Amino acid sequence: MQQKQGDDPADLLVRAGRFLTRDSFSEDLRTTTRTDSRAAESFYRDRWSHDKVVHSTHGVNCTGSCRWKVYVKDGIITWETQATDYPDVGPDRPEYEPRGCPRGASFSWYTYSPSRVRYPYVRGVLLEMYREARRRLTDPVLAWADIQNDPERRRRYQQARGKGGLVRADWDEAVEIVAAAHVHTIKTYGPDRVAGFSPIPAMSMASHAAGARFHSLIGAPMLSFYDWYADLPVASPQVFGDQTDVPESGDWWDAAYLMMWGSNVPVTRTPDAHWMTEARYRGQKVVAVSPDYADNTKFADEWMHPHPGTDGALALAMGHVVLKEFFVDRRTPYFTDYVKHFTDLPFLVTLKESGAGLVPDKFLNARDLGQDVENAEWKPVLLDSATGDPVVPHGTLGHRWSKGAAPEWNLDLGDSDPLLTLYEDGGDAAEVALPRFEEGAPGIVRRGVPVRGVGGRLVTTVYDLLLAQYAVARPGLPGQWPTSYEDADTPGTPGWQETLTSVPAAQAVRVAREFADTAERSQGRCMILMGAGTNHWFHSETIYRAFLALLTLTGCQGRNGGGWGHYVGQEKCRPVTGWATLAAASDWSRPPRQMIGAGWFYLHTDQWRYDTLPPQALASELGESRFAGMTGADCLAASARMGWMPSYPTFDRSPLDLGEQDIDRTVAELKAGSLKLAVEDPDAPANWPRVMTVWRANLFGSSSKGNEYFLKHLLGTHSNLPEGGPRCAPRDVTRREEDVEGKLDLLLCLDFRMTSTTLLCDVVLPAATWYEKHDLSSTDMHPFLHAFTPAVDPPWQARTDYDAFLAVARRFSDLARGHLGVRKDLVATALQHDTPGGEMAQPGGVALDWGKGECEPVPGRTMYDLTVVERDYTAVGEKFAALGPLVDRLGVTTKAVTFDVGEEVAYLKRKNGTVRGGVADGRPRLDTARRACETILALSGTSNGRLATQGFHTLERRTGREMAHLAAEHEGKRVTYADTQAAPVPVITSPEWSGSESGGRRYTAFTINTEHLKPWHTLTGRQHFFLDHDWLHEVGEALPVYKPPLNMHRLYGEPELGTVGEGREVAVRFLTPHNKWAIHSQYQDNLYMMTLGRGGQTVWMSPQDAEAIGVRDNEWVEAVNRNGVVTARAIVSHTMPPGTVYMNHAQERTVGVPRTEKTGRRGGIHNSLTRIMLKPTHLIGGYAQLTWAFNYLGPTGNQRDEVTVIRRRSQEVQF
Amino acid sequence: MRPMAQIAMVMNLDKCIGCHTCSVTCKQAWTNRRGTEYVWFNNVETLPGQGYPRRWADQNRWKGGWERTRSGRLRLRAGGRARRLGTLFANPDLPTLDDYYEPWTYEYKNLIDAPAGDDMPVARPVSQISGEPLDTLQWGPNWDDDLGGAPEHAPKDPLVEKVREQVGEKIRFEFEQSFMFYLPRICEHCLNPACVSACPSGALYKRVEDGIVLVDQERCRGWRMCVSSCPYKKVYFNHATGKAEKCTLCYPRVEIGMPTICSETCVGRMRYLGVMLYDADKVTEAAAVTDEHDLYPAQLESFLDPRDPAVEAAARASGISDDWLEAARRSPVFDLIRTYQVALPLHPEYRTMPMVWYVPPLSPVVEAVAASGHDGEDAGNLFGAIEGLRIPVEYLAELLTAGDTYPVEAVLRRMAAMRVHMRARNLGEEPDPAVAHSVRLTGDELEDMFRLLAVAKYEDRYVVPTAARADADALADSHPLDAACPVGAEPGRPVLLNLAPTRRTV
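Residues numbered from 1 in each chain as written. Chains lettered and ligands numbered in written order. Predicted model: local features only at pLDDT ≥ 70, side-chain atom pairs only at ≥ 80, totals over all residues. Heavy atoms only, no water.

Section: the nonpolar core
Across soluble globular proteins, you tend to see nonpolar side chains buried next to one another. Formed by 515 residues in total, the largest nonpolar core has its most connected members in Phe197, Met259, Trp261, Phe601, Met692 and Phe812 of chain A. Apart from residues lying up to four places away in sequence, Phe812 of chain A is in contact with Ala179, His182, Val183, Ile186, Phe214, Ile218, Leu820, Tyr873 and Val876 of chain A. (Core = buried A, V, L, I, M, F, W, Y, C linked by side-chain atoms within 4.5 Å. Buried < 20%, exposed > 50% of the residue type's maximum accessible area, 1.4 Å probe, protein only. Contact = heavy atoms within 4.5 Å.)

Quick word on empty space enclosed by the protein
All names here are of chain A. In this structure, the second largest cavity spans a volume of roughly 460 Å³. Lining the second largest cavity are 35 residues, and of these Pro199, Met203, Arg696, Ala697 and Asn698 sit closest to its centre. Class assignment of the residues belonging to the lining of the second largest cavity gives a composition of 12 nonpolar, 16 polar and 7 charged. (1 Å grid on protein atoms, 1.4 Å probe; cavity = no way out; pocket = protein on both sides within 12 Å on 5 of 7 lines; lining within 4 Å. Points joined across faces, edges and corners; volume = space filled by probe spheres on them. Nonpolar A, V, L, I, M, F, W, Y, C, P; charged D, E, K, R; others polar.)

Overview of the domain arrangement of chain B
The figure often quoted for interface size is the accessible area lost as the parts come together. Residues and elements named next belong to chain B. By the assigned domains, chain B splits into domain 1 (17-101 + 141-251) and domain 2 (269-278 + 289-461). Both faces considered, domain 1 and domain 2 share a buried interface measuring about 3100 Å² in area, 66% of it formed by carbon and sulfur atoms. Counting across the interface, domain 1 meets domain 2 through 1 salt bridge. With a closest N to O distance of 3.9 Å, Glu398 and Lys162 form a salt bridge. At the boundary of domain 1 and domain 2, one finds 17 residue pairs in polar contact (both at pLDDT 80 or more). Mapped onto the side of domain 1 that touches domain 2, the elements with two or more residues apiece are strand 3 (66-68), helix 7 (158-167) and strand 7 (181-185). Top element by residues in the side of domain 1 that touches domain 2 is helix 7. It accounts for 6 residues. A class-by-class count of the residues in the side of domain 1 that touches domain 2 yields 25 nonpolar, 9 polar and 10 charged. (Domains from an automatic or database assignment. Buried area = accessible area lost by both parts, 1.4 Å probe. Salt bridge = Lys/Arg side-chain N within 4 Å of Asp/Glu carboxyl O. Polar contact = N/O pair within 3.5 Å; in protein donor to acceptor, adjacent residues only side chain to side chain. Helix = DSSP H or I, 4+ residues; strand = E, 2+ residues; numbered from the N terminus.)

Observations concerning helix 7 (residues 171-188) of chain A
An α-helical segment advances 3.6 residues per turn. Residues three or four places apart therefore align on the same side. Residue and element names in this part refer to chain A. Over its 18 residues, helix 7 extends 26 Å from the first C-alpha to the last, a length consistent with the 26 Å expected when each residue adds 1.5 Å. In terms of burial, helix 7 is a largely internal element, 15 of the 18 residues being buried. Positive backbone phi, approximately 115°, marks Gly190, located one or two places after helix 7. (Expected span 1.5 Å × (residues − 1).)

Side note on a nonpolar patch on the surface
Taken together, the side chains of Ile76, Tyr112 and Trp796 of chain A make up a nonpolar region of the molecular surface, amounting to roughly 260 Å² of accessible area. With respect to the helices and strands, the residue Trp796 of chain A is situated in the loop between strand 28 (784-788) and helix 28 (801-816). (Patch = residues over 30% accessible without salt bridge, like charges linked within 9 Å, V, L, I, M, F, W, Y side chains within 5 Å. Areas by Shrake-Rupley, 256 points an atom, 1.4 Å probe, with all protein chains shown as cover.)

Here's the deal with the pattern of salt bridges
In the structure shown here, the tally under the stated rule is 134 salt bridges over all chains. The partner of Arg77 of chain B in a salt bridge is Glu67 of chain B, with the nearest N and O atoms 3.9 Å apart. In this pair, Arg77 of chain B sits in the loop between strand 4 (74-76) and helix 3 (81-86) while Glu67 of chain B sits in strand 3, placing the two residues 10 residues apart along the sequence. A single salt-bridge network, built from bridges that share partners, covers Arg38, Glu41 and Arg45 of chain A together with Arg207, Glu209, Asp210 and Glu255 of chain B.

Description of the interface of chain A and chain B
Facing 148 residues of chain A, the contacting portion of chain B comprises 152 residues. A salt bridge links Glu278 of chain A to Arg269 of chain B; the shortest N-O distance between them is 2.6 Å. Inspection of the region where chain A meets chain B yields 70 residue pairs in polar contact (both at pLDDT 80 or more). By residue number, the principal contributor to the side of chain A that touches chain B is helix 17 (residues 505-522) of chain A, which donates 8 residues. Residue composition of the side of chain A that touches chain B, by class: 58 nonpolar, 44 polar and 46 charged.

Brief notes about helix 15 (residues 322-329) of chain B
All names here are of chain B. Of the positions making up helix 15, those classed as buried are Trp324, Leu325, Ala327 and Ala328. The buried residues of helix 15 occupy an angular sector of 160° when projected down its axis, which confines them to one face. Looking at the buried residues of helix 15, the elements they touch are strand 1 (3-12), strand 12 (271-279), helix 14 (309-317) and helix 16 (332-339). (Arc of directions from axis to C-beta.)

Here's the deal with unusual backbone geometry
Residues and elements named next belong to chain A. Cis geometry is found at the peptide bond from Glu97 to Pro98, where omega equals -15°. Checked against the element boundaries, Pro98 lands in the loop between strand 5 (76-82) and helix 3 (102-105). Residue Pro649 follows Tyr648 across a cis peptide bond; omega there is -5°. Assignment of secondary structure puts Pro649 in the loop between helix 23 (632-641) and helix 24 (655-658).

A closer look at the packing of aromatic side chains
Under the counting rule described, the total for this entry stands at 76 aromatic pairs over all chains. Plain terms: the ring middles of Tyr44 of chain A and Tyr251 of chain B are 6.3 Å apart, the flat faces sit at 85° to each other, and that makes the pair edge-to-face. Note that Tyr44 of chain A is positioned in helix 2 (residues 42-48) and Tyr251 of chain B in helix 10 (residues 251-254), a pairing that runs across two chains. The same class applies to Tyr44 of chain A as to Tyr251 of chain B, namely buried. One cation-aromatic arrangement involves Arg574 of chain A over Tyr1003 of chain A; the distance from NZ or CZ to the ring centre is 5.6 Å. (Phe/Tyr/Trp six-rings, centres within 6.5 Å; stacked < 30°, edge-to-face > 60°. Lys NZ or Arg CZ within 6 Å of the ring centre and 35° of its normal.)

As structure tokens, then:
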């Protein structure tokens, strides 16, 4: 129907006009159909066109390991989109595709960005000095020495660090300076005065291995990172005897109940978050536990918001409900059976008298029973429920290292049924004293446990102690027990946790009940995704042990769809054996020097001097004052003396000098005190580290907790550190009166973009980006191996890390001639995990310090292992570029499984070609990153079916359990580098890890333990609730326990939380969760990410706190504490809890950061307000699972307990 | 019946993780050029919030879309042709750069080039437009992400302003009441696009073969009437070329069977792309129904069932090819919109008949429910009651159903029922058929819906027929090789232009 003449005169025009065109009109005149040329559509087609697409990935510590398509047009990288070619995971579950995030999607911006490092740069003032000295002295090493021997010149260039003035050099000159500095340092002080820092091998294995290999060959320590980042959950070695092993994200789908606890999955696990959203549709219930309304809470069915850092109390109260309702009120067969087989709960613990009454002491072992069996003191015992007799079950640490013929290292209980509890009507009971730590509460709670006399000792079970610890009453037991769930006065109850966390008791009870009920109905398919939000606290392992207890009690570990998902740090370098071999250069010499990162930084940035926290303040009231009079540095020194944690530089003398003398003499000198450990006088110039190289990392703009201390003491440049302030008073360690500034002679870094680190460096080498090199990547989140493939060659003068280190190694060898030659190096290594000597060094976890005359110094037992390593410094370049002969003779080893790689070496000779002439004559070539990748893949079970199968056969002999079938389906499969380039390649099940991918199954940790009865690498061979080391008893952490965040007011004199000070400032908890717009500092300077965020440093705060200091959204604030100052804009949001501010992790000072009002200097980074705080118990070693290995155990660089004062600043900012 | 085919999109907001990967991949591919610095064909907004450009949904201010006159006709809100001609040189309804944001960059080079000085070098923020320093950045395309600044900014969310009177209690921007979700937005490629009608130059058109709405870069004269008349503010002005640009639904990819960039790179796997058939004869009527609450059902009814033989015949008659019909039958978008009715249109009250639809999000239960110790054994309780969810249904209804809460509740109930049903399956227990029945689906249908929402593999999410231009002659016409090709430049492929105002009386 046509309407009448329109009231709009224009209608008439249209109506008339239609007869003048060739267009056709719809009947209702609503539309015109036009058919003229659409040539203009070519505009966007041109834009879309490209010449090639290359598959690569991103080498950033994000756990992503995502495969990307990189588009190239006219030889220029244009953009990237995610690849979608992941192998199928099965018909009934979502696929991995696409994996990626906005950060990765913006990566190509860096390629041609104005902050790209295109050429080698040297600090101008240093370069002038070097050129002058080089002209004068000709010899590069003497030229470097000339500068270092002149305090005035040295100070001058050190003070210029970080203040601009970088000038271009060419590669030859830059490499010469670097090589000369290394030669000089080794010659003058020894190789352990050099250090390398490059984290997370999994994110680009060849690039990591390149620099690590150089350092290992020269005898320089590599610093650990997993513990330094505080990503290492210390609870993992404590409970599992494993660094970390977790389900792939595809296994979230299998969970029937999912708690996200301190893990903001959409932000930090962006490529994997879809599994969580999708699993909900499969009927999974999701609970988010987060102090703020974080991104992930959007997906939850319920949001629980405990006060920051109090999560442990919530988890303990949930455990209380589970133990009461599913163990005591009603026996749940699935749970009981699980804990008897796979946990230490049935094991016997002795009770001893203390000043405060009976307390738990040590595991009862076979030697206590007078049994004359091999390794008797390493065989804990339990009681058989039928006979009531003590039984030494298979699978303990003593069995692991038995030399006996019968394989008894397994979890086969045979006919015996472990007795879980000694409780019986009218049975004996005793009251034990247990520690508690809530602020303002008495330090002891007394509860009864059933007891029995065994082998002349009073014992109970771990289970009975656990019920006491969790306040689960049983009739007739003495002591203080709760009256109900709501009882707020008795530690352990839901009511008690409500007073600490604010989570309603009823909610805690209900969620605990749902959790356990689901676990029972699903046979262990409840999962907790736990993350940095709960792991970066000083007492994180207490929080984690409470989480793990929930999972272990309900039989969720070692089950698909169940268990802990700790995704903090891309720790899973799946082809670990191959990578480790190259990185440690263990094909040429062993052992390498590997150092605890946090310990190294604590000492050498002099944070120990300021650490006034007395370790004794951390102790339990039931402790024995073991830390009396000690400082953090004293604990570190004690740990070094006892051989627990490595310490480099080790001695106050060059290890090249000590290598020339008899080891016995060295030990005697140590005992006599004429030779000292460097840690005992860290500020003595001979004990400083002198050269440090940072690559694949931005240490100074990201992880440097106590950033300002780094600037002042390690680098000797300006900082925002307040002058003065209290210093510690060590008992054993020498604290020199004067502060030391500028320890490092050389800071070298390799990067492709300008960061705080490159700005502070003396020499910056231009690195290839991730779209310009060959490398390998893997992650714990998915089971695939990925390749990096260059889309373009490194532009300008950029080089890959591999090529750069090869150049340095070769030049180093040249310069070593005449200065170093062949030397003997005394390498002191800590007692080592997964070795019999290391794990069985110190029986009972009794801490004996030879330095205090408590025992004799015996290498490898009461102190470090000492090994003399011969180093041909002139052959470092040659050795770097070839696979050495030690692998033929000694094989390669991971977790005590040694692989014979004779066939692999033969294969690599053909695949990589062989070296002709020199020290590496006839060896497989390693002169390119590609060949390094090929070698990594060939030497690892996850990528080489022959090795995987061989390794399982080795384990079969040790355990007597069949396992080789797990890898047999792939025995003939050998993943090549080209395979990984063509598509993501699923890994092969290998004894390098604890789970199985066999038959296309989704990976989860510990299924080899639960299904094939392989013991965990712990004292009992089971998952541990109880830890009996002296130092753990001292701090009251023998069992899961609640410890509140550190009281920074009491310990360090910071204002009390919530204090509103003069001039409208407020004291708040300062948390630094991961950033939505960055991966650590990477991408934080990227224009796309800056545009989607707020374009600079920001601090999230609640409206209440904003109101208190009179600040509005987007106004500038300044945060100040004893460690430094930060200036940033406020983001005011009601999603934040009052009293806590968030400064998202690793917002650099390089982009958009003005000068502060406080000091007039450039504002700091998030870590300018933090400082390293060592927890003594992280330093334990030489005892079962509490034995050191690189990135396996060590002090964490935790930073969550920090507080700051925040105030509104002038809104006029100066850059 | 006059069947036409269109590539349409559904986004499941319940799965959107707010990561913005879609925005970045889109911007890298299409708008990282001079003149489009501030342009995001695809952006993601945190709701409640103001969006990009600020308060775009406030049509009282921007006058986008259509309005129904008292006589039942549709008229552009921007006014009749005469008014628009009169304001051609001074369009009062155009957002300014401040409403979007002033794009900035940093003096990055200073990090390398800084001479020796007294402090650490820094890259200072500067405007990409003027080059002048922007010491304190004031606004960005995603400024209120994750409710940042919400106490100050979110009350100005036009939807909040609308629903506050009804449910003020639920929208207080206080810690315990926190709720949010993300809304990714591209051009809606509407069936009744206001931008096309508003263009004085006839430069905007809707392609007949796939419904994609485009700006002809040669014809555009930069009048910007499309910018103001688009109620979604998804047409942008390129200040360097002086022409309008907008989301192209990645036609260079879609034409060859590839999903759009935003779809393929969606890490949340929440986008679906497929064919919808609609009856072109019903569009005007559906866009002009009296009651705004009827707009969603009316649009739903204008879609044609590709499995209906009558539709099939009519489609063939109107030139829709077999592969398109087959794609329409396999369309995940059709299933989400029609079969399970879990997807809803964005702001149907603008009467443009948008073709990007959304599944509304579930959310955690409110504080009062969480704090209770209700029985976790009860399957219904495990996932919380719909009325206890944090995101007020009224708010979602203002977004998706012109304020009618009934369809939104129905969708949320269907999703909850699916979860309850699947939980039983998950635990190896027998599902209660009453659960499926309560949302008028069978258990099998719930499981099919589950597969589509959860499992959906690549080829299930994106069903894009190739040969969008099956006619080889026509292919030659707009191929980039054209310029060098001596034959086949004419005739072109048909496109649709909407005339304004529509002439149909009721």
